[in-house]
Each structure stands twice: as C-alpha cells, then as structure tokens.
Amino acid sequence: MAVSGLRLGAEKLFEMPAVLGRLSRCQSTSQAFAEVLRLPKQQLRKLLYPLQEVERYLAPDRRQDLHLRIFNPSPEDIARAESVFKATEHNRIEYVSSAIRMDHAPDLLRPEVCFIGRSNVGKSSLIKALFSLAPEVEVRISKTPGHTKKMNFFKVGKHFTVVDMPGYGFRAPEDFADMVETYLKERSNLRRTFLLVDSVVGIQKTDNIAIEMCEEFALPYVIVLTKIDKSSKGHLLKQVLEIQKFVSTKTQGCFPQLFAVSAVTFSGIHLLRCFIANVTGNLD
Ligand code: GDP
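Structural notes, computed from the coordinates. (Residues numbered from 1 in each chain as written. Predicted model: local features only at pLDDT ≥ 70, side-chain atom pairs only at ≥ 80, totals over all residues. Heavy atoms only, no water.)

## A few points about the packing of helix 7 (residues 123-130) against helix 11 (residues 269-279)
Following both chains from N to C, one finds helix 7 and helix 11 inclined at 80°, their axes separated by 10 Å at the closest point. Here helix 11 runs roughly perpendicular to helix 7, going by the angle between their axes. Where helix 7 approaches helix 11, its residues Leu126, Ala129 and Leu130 are matched on the opposing element by Ile269, Leu272, Arg273 and Ile276. Class assignment for the residues of the contact of helix 7 with helix 11 results in six nonpolar, no polar and one charged. (Axes fitted to C-alpha atoms, helices over the stretch in contact; angles between N-to-C directions. Helix = DSSP H or I, 4+ residues; strand = E, 2+ residues; numbered from the N terminus. Parallel < 35°, antiparallel > 145°, perpendicular 65-115°, else oblique. Contact = heavy atoms within 4.5 Å. Nonpolar A, V, L, I, M, F, W, Y, C, P; charged D, E, K, R; others polar.)

In structure tokens, the structure reads:
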C-alpha cells in the first residue's frame, strides 16, 4: 500500500503560494477542488482535515496519541483523487446492479471498496457526497425496516467499484448476516471495508458484529465517523480517543487513523476520496 508514501504534509497547503500555482493546473479536471482552495485558511483546514482541527483542543504532550497523519496526502494528491471521482465521458460513474446473494453480485474484476454500518448511520448520505461530482448517480435506498436489503454496486470509471452494503441493526432481515458475511469472506477483489460509526453515539453493540467479521476474515478495514457536524469538538475528540484506543487494543486489521466526515458540511469528504483512490491503486 502506498499510504506511507503520501506524507508530504498538509501544512504545505497553507504556506506555499507555489503549491497553489501548481494546483491551478489541475483545475480542468477538478473544478470542485479548485473552488475549495479559495476558502479562507481556517475553513479550508476544517473542510479538508476535520480531525486535525480538533487536535488543537488536546494538550500538546497528548497530541502524539492521535494518529491523524498516517495518511497525510499532499494537495496535489487530493486534487488527483478528485479527478477519479469526477464523471466525464471517459470516466463513467454509474450504478451497476444490486444483489441479495453473492451469486447475483456482478463479476467485476476491478478493485472494490465497500461501505457498511448500522441503519441510519449516514451511509447513503456519505456515498452521495462522495459521488457529488457525478450528480446523475442515483444512490438507491431501501428505507422500510424489515424489507429485503441489497448490496448495491457502483462503478467508478475503470478505477474501482463501490459497494453500498445493507444497513444492519434495527429489524435487519434474518438472511442479512449471511449475505454480508459471505460477501466479506468471498469477495477476492475487496480492497478495503469502510465501517461507518455515528460520531454522536460512538461504537454500538451491533457494530461489534461487523468488526468481528472483519477481524475473523483478516480484512483491512477503516472506521469512518459520520455526522461530525452534529458533534461538538470536545465530544468528537473524546470519541476519537476512545475509538482509537479500542482500535489499538482490540483489533488487528483496522487502520489506526480514523476518518471523520459530514455529508452536510462536506468536511473530510475530499480526504476520504483521496484515501479510497489510494487504496484502490489510483494514485500510484
Ligand atoms: P443510512 O440509513 O445509513 O443510509 O443513513 P442516511 O444517509 O439515510 O442518513 C440517516 C439520517 O441522518 C438522515 O436523516 C440524514 O439526513 C442524516 N444524516 C446523514 N448524514 C448526515 C450528516 O453528515 N450530518 C447530519 N447532520 N445529518 C446526516
């Protein structure tokens, strides 16, 4: 994985006009990011690196406890990732199909990432936000509790596939665990599982089932905190420290750095896009 190779330093974004000059050359492929760069410095930092923003509330000697810079891409990398997620004639981003069983899953050879989490955690909103540069993509939602929930497959050009897994928790159908378990166990092109946790309530009992599955199948997975616009900075920091402790003491396959997003303010979305592009081999 090229993650460790991407430590050019977010700080550069805020100090070097030369970087902005280089970035302007990327504008034709990532208009949205070019607009983001016009934001005032503090707003920009909050939008791109929401957890680095809360780090300031921690005493300096405790800052090393936060693993916020393991994946710390340069502005150029973020801009490149943006172009992967931008729908064009040559980069079609579209819904492929849905499946309730693995033998119905499309046989796509490209790398795959999946999103999993409790119902209502903000999964469809996050996927919509990630696909905001492809507004014609319809993220299908089955909201009726107890109804058959499906795995939905979306193709991102020739780069990778995104799989929206059914939400678990409240009145999940009986065959749900089988479907998810079989997918996680058998999908050989699955590169990363993104496990969504609501930043307001933290890890819940039902999340442990998903965590145990990822651990049992030795999958590399990443925890993403959702709805961070609803949490105060203090609460968010407390959740991050608690979950990081859980990750370092109780898990093997979970990436030590947490990602934090808001589908409302768009905080953390650009960084997450960049991470996805990286783990699917699209930033090499
Ligand atoms: P899903 O069941 O996991 O797909 O969850 P949804 O994406 O449908 O979101 C569940 C509820 O949370 C909806 O009312 C969303 O509007 C709300 N929601 C989702 N993401 C966010 C967010 O980032 N911030 C806020 N404030 N609300 C959100």
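From this point, the discussion proceeds with the structure in view.
## Concerning the state of the cysteines
Summed over the entire model, instances satisfying the criterion amount to zero disulfides. Considering cysteine sulfurs only, Cys214 is the nearest to Cys254, which forms no disulfide, with 8.3 Å between them. Its relative accessible area of 7% is what places Cys254 among the buried residues. (Disulfide = S-S within 2.5 Å. Buried < 20%, exposed > 50% of the residue type's maximum accessible area, 1.4 Å probe, protein only.)

## Quick notes on the packing of helix 6 (residues 75-84) against helix 11
Running from N to C, helix 6 and helix 11 cross one another at 75°; their axes reach a closest spacing of 8 Å. Taken together, the axis directions place helix 6 and helix 11 in an arrangement best described as roughly perpendicular. Where helix 6 approaches helix 11, its residues Asp77, Ile78, Ala81 and Glu82 are matched on the opposing element by His270, Arg273, Cys274 and Ala277. Its residues assigned to classes, the contact of helix 6 with helix 11 comprises four nonpolar, one polar and three charged.

## So, the pairing of strand 2 (residues 112-117)
Burial runs high along strand 2: six of the six residues are buried. Both strand 2 and strand 4 (residues 160-164) contribute to a ladder of four bridges, which runs parallel. Looking across to strand 4, one finds that Glu112 is bridged to Thr161. Bridge count for strand 2 against strand 5 (residues 190-198) is six bridges, and the pairing is parallel. Along strand 5, the bridge assignment pairs Glu112 with Leu190. (Pairing = 2+ DSSP bridges.)

## Thoughts on helix 11
Counting buried positions over the 11 residues of helix 11 gives 11, a clear majority of the element. Listed in full, the buried residues belonging to helix 11 are Ile269, His270, Leu271, Leu272, Arg273, Cys274, Phe275, Ile276, Ala277, Asn278 and Val279.

## Remarks on the packing of aromatic side chains
A full pass over the atoms with the stated rule returns nine aromatic pairs. Centre to centre, the rings of Phe259 and Phe275 are 4.7 Å apart; their planes meet at 45°, and the pair counts as tilted. Highlighted residues: Phe259 in strand 7 (residues 259-260) and Phe275 in helix 11, separated in sequence by 16 residues. In this structure Phe275 comes out as buried when scored by relative accessible area, which is 0%. Grouped by ring-pair contacts, the aromatic residues Phe71, Phe115, Phe194, Phe255, Phe259 and Phe275 constitute a single cluster. Geometry around Phe85 places Arg273 over its ring, the cationic atom sitting 5.8 Å from the centre. (Phe/Tyr/Trp six-rings, centres within 6.5 Å; stacked < 30°, edge-to-face > 60°. Lys NZ or Arg CZ within 6 Å of the ring centre and 35° of its normal.)

## Quick look at unusual backbone geometry
Even without a glycine there, the phi angle at Asn120 is positive, about 80°. Of note, Asn120 is situated in the loop between strand 2 and helix 7.

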